[in-house]
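As a plain string of letters, each chain reads:
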Amino acid sequence: EAGVAQSPRYKIIEKRQSVAFWCNPISGHATLYWYQQILGQGPKLLIQFQNNGVVDDSQLPKDRFSAERLKGVDSTLKIQPAKLEDSAVYLCASSLGGLTDTQYFGPGTRLTVL
Amino acid sequence: EDQVTQSPEALRLQEGESSSLNCSYTVSGLRGLFWYRQDPGKGPEFLFTLYSAGEEKEKERLKATLTKKESFLHITAPKPEDSATYLCAVQEGFRGPTGANNLFFGTGTRLTVIP
């Protein structure tokens, strides 16, 4: 079974530029998550989708971050404009969506903002 | 506010030297406690889910246990390939009207096993 796919794996941009990340979840997984992991910390949830609807985006900095999940499958996370403090690994995870379901993570995209 | 604290931050073991990692948590009703392994440059890899106090799960050299306030990840006779960061995460019981499922992670324990 294929895992969660993410691209690109690495991205380096200047501050105030924009960047987009792509995620393809495990086939059949209704729930998709984006997490931000700063070096030395655990992942922190940014947004959760159930199919193509947003379940929780309370931790998403909406003035600069946006995310969408078209057709309930792939998802993109965008940052515009980027700040230095956005340097982190952005992880996508997916799950079946049950009451105590397990989240499976992709390899992540390492973003460096200069 | 939900909190997850892992200790120690880093642990160095000789190959074959057994030890335990700790994850203490405060949450408004626990729905599940998750253990993940994360290798450098990779995403977290799922290991275990524990749901209620007294529950135990095993996988190869790893054994996870759960009490009402903490979880332990016991590593028996570790090998160098067990070197990784081990993350603990909790899922709270109340999902709210939206059905939020988010995990609250600790900062992890970085384990190094020396041959």
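Since the structure is predicted, the reported quantities are computational estimates derived from the model, not experimental observations.

A. Spotlight on the interface of chain A and chain B. Contacts between the two partners involve 24 residues from chain A and, on the opposite side, 23 residues from chain B. Here chain A and chain B share an interface that buries about 1700 Å² over both sides, 51% of which is from carbon and sulfur atoms. Across the chain A-chain B interface, the total number found is zero salt bridges. Remark: the boundary between chain A and chain B carries four residue pairs in polar contact (both at pLDDT 80 or more). Those elements that place two or more of their residues in the side of chain A that touches chain B are β4 (31–37), β5 (44–50), β6 (53–56) and β10 (104–105) of chain A.

B. A look at the packing of aromatic side chains. All names here are of chain A. Taken as a whole and judged by the stated rule, the model has ten aromatic pairs over all chains. Each ring, one from F21 and one from Y90, has its centre 5.1 Å from the other, and the planes form 25 degrees; the classification is stacked. Of this pair, F21 sits in strand β3 (residues 19–24) while Y90 is found in strand β9 (residues 88–95), placing the two residues 69 residues apart along the sequence. On the basis of relative accessible area, F21 is assigned to the buried category, the value being 1%. For the ring pair Y35 and F105, a centre distance of 5.4 Å and an interplane angle of 50 degrees mean the geometry is tilted. Of this pair, Y35 sits in strand β4 while F105 sits in strand β10, placing them 70 residues apart in sequence. On the basis of relative accessible area, F105 is assigned to the buried category, the value being 10%.

C. A look at the environment of Q103 of chain A. For Q103 of chain A, the location among the structural elements is in the loop between β9 and β10. Distance in space between the C-alpha atoms of Q103 of chain A and H29 of chain A is 9.7 Å, their sequence separation being 74 residues.

D. Seen up close, unusual backbone geometry. Residue P8 of chain A is bonded to the preceding S7 of chain A through a cis peptide linkage, with omega at -5 degrees. Relative to the elements of secondary structure, P8 of chain A occurs in the loop between β1 (5–7) and β2 (10–13). Residues S7 of chain B and P8 of chain B are joined by a peptide bond in cis, for which omega reads -10 degrees. Of note in this structure, E60 of chain B is not a glycine but carries a positive phi near 55 degrees. Take E60 of chain B: it is sitting in the loop between β6 (56–59) and β7 (62–66).

E. View of the state of the cysteines. The full count for this structure, using the stated rule, is two disulfides over all chains. What pairs with C23 of chain A in a disulfide is C92 of chain A, and their sulfur atoms sit 1.9 Å apart. Its torsion about the S-S bond being -70 degrees, the disulfide of C23 of chain A and C92 of chain A is classed as left-handed. One end of the pair, C23 of chain A, is in strand β3; the other, C92 of chain A, is in strand β9, with 69 residues separating them in the sequence. For the pair formed by C23 of chain A and C92 of chain A, the shared burial category is buried. Covalent S-S linkage joins C23 of chain B and C88 of chain B, the inter-sulfur distance amounting to 1.9 Å. Residues C23 of chain B and C88 of chain B share a disulfide whose torsion about the S-S bond is about -60 degrees; that sign makes it left-handed. With C23 of chain B in strand β3 (residues 19–26) and C88 of chain B in strand β9 (residues 84–92), the pair connects residues that are 65 residues apart, well separated along the chain.

What counts, and at which threshold
- Residues numbered from 1 in each chain as written.
- Chains lettered and ligands numbered in written order.
- Predicted model: local features only at pLDDT ≥ 70, side-chain atom pairs only at ≥ 80, totals over all residues.
- Heavy atoms only, no water.
- Contact = heavy atoms within 4.5 Å.
- Buried area = accessible area lost by both parts, 1.4 Å probe.
- Salt bridge = Lys/Arg side-chain N within 4 Å of Asp/Glu carboxyl O.
- Polar contact = N/O pair within 3.5 Å; in protein donor to acceptor, adjacent residues only side chain to side chain.
- Helix = DSSP H or I, 4+ residues; strand = E, 2+ residues; numbered from the N terminus.
- Phe/Tyr/Trp six-rings, centres within 6.5 Å; stacked < 30°, edge-to-face > 60°.
- Buried < 20%, exposed > 50% of the residue type's maximum accessible area, 1.4 Å probe, protein only.
- Disulfide = S-S within 2.5 Å.

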